[in-house]
Amino acid sequence: MAPRRVEEIPVKRVAALGCKLPNQLPAGEILTDITQKKWKLGHTIGYGGFGDIYLASNDINAPIEQDAKYVIKIEPHNNGPLFVEMNFYIRAARKHMIDTWCKSQGKRRIGVPTYEGSGSHIYQGQKYRFLVIPRYGIDIGKLFISNGKKLPIKLVNSI
């Protein structure tokens, strides 16, 4: 039997202790980061105990396709985990920082997404914080679930 599509797998959302789940923002919503760069939201592709992950684009005039280059992580402003993550990316994961470190260590890449943008956004009176990072494809958790809670040996070996 072929694995089910990730979108078909029902999952009950549960907020992490002390956190609030965000309301879903609509596809097409425009967010402006701290450098005034604009980002357009696509549909949600994931979620956790404190926020959601959306496909995103820096081209606000074009539709967002399944092969979008970016994702935006969003959480209610009062939560906090994304605040910590944002600060890590701002201080250690800007593209030039990662490129410089990789060059100094003789590495091609290190497996850490680069920081693309972040900021705050208000939607229907609720304040959210967001982080923009490159999109790398499907996450391991979704692969695990869609493969009947087993990972292919080839994938395990490559990880």
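Everything that follows concerns the structure shown earlier in this document.
Residues numbered from 1 in each chain as written. Predicted model: local features only at pLDDT ≥ 70, side-chain atom pairs only at ≥ 80, totals over all residues. Heavy atoms only, no water.

Visitor: Quick rundown of the environment of P76? Include the residues and the values.
Guide: Tracing the backbone through its elements, the reader meets P76 in strand β4 (residues 70-76). Considering only alpha carbons, one finds P76 and G28, 48 residues apart in sequence, at a separation of 19 Å. When sequence neighbours within four positions are dropped, the list of residues in contact with P76 reads K20, L21, P22, F50, Q126, K127, Y128 and R129. (Helix = DSSP H or I, 4+ residues; strand = E, 2+ residues; numbered from the N terminus. Contact = heavy atoms within 4.5 Å.)

Visitor: Any chance you could break down the pairing of strand β5 (residues 117-123) for me, citing the residues and the numbers?
Guide: Put simply, side chains in a regular strand alternate between the two faces of the sheet. Taken across its seven residues, β5 has five buried, putting it largely inside the fold. Relative to strand β6 (residues 126-134), β5 is paired through seven bridges, and the arrangement is antiparallel. The residue of β6 that forms the bridge with Y123 is Q126. A loop of two residues connects β5 with β6, the two strands running antiparallel in sequence, and Q124 in this loop sits at a positive phi of about 50 degrees. (Buried < 20%, exposed > 50% of the residue type's maximum accessible area, 1.4 Å probe, protein only. Pairing = 2+ DSSP bridges.)

Visitor: Tell me about the sheet that holds strand β2 (residues 38-47), residues and numbers included.
Guide: The strand order β1-β2-β3-β4-β6-β5 describes an open sheet built from six strands, whose pairing is antiparallel. Of all the strands in the sheet, the pair left with one neighbour each is β1 (30-32) and β5. In this sheet, neighbouring strand axes are inclined to one another by 40 degrees on average, regardless of whether the strands run parallel or antiparallel. Note that β2 and strand β3 (residues 52-57) share five bridges and pair antiparallel. Residue T44 lies in a different strand from β3, and its bridge partner there is Y54. Packed onto the sheet, helix α1 (residues 81-92) meets β4, β5 and β6 and runs at close to 40 degrees relative to β6. (Axes fitted to C-alpha atoms, helices over the stretch in contact; angles between N-to-C directions.)

Visitor: Lay out the pairing of β4 with the relevant residues and their values.
Guide: Of all seven residues making up β4, seven are buried, and the element is well covered by its neighbours. Both faces of β4 are covered, namely the face carrying Y70, I72, I74 and P76 and the face carrying V71, K73 and E75. Pairing geometry for β3 and β4, over five bridges, is antiparallel. Paired with Y54 across the strands is I72, a residue of β4. Taken together, the seven bridges between β4 and β6 define a ladder with antiparallel strand orientation. Bridging across to β6, E75 finds its partner in R129.

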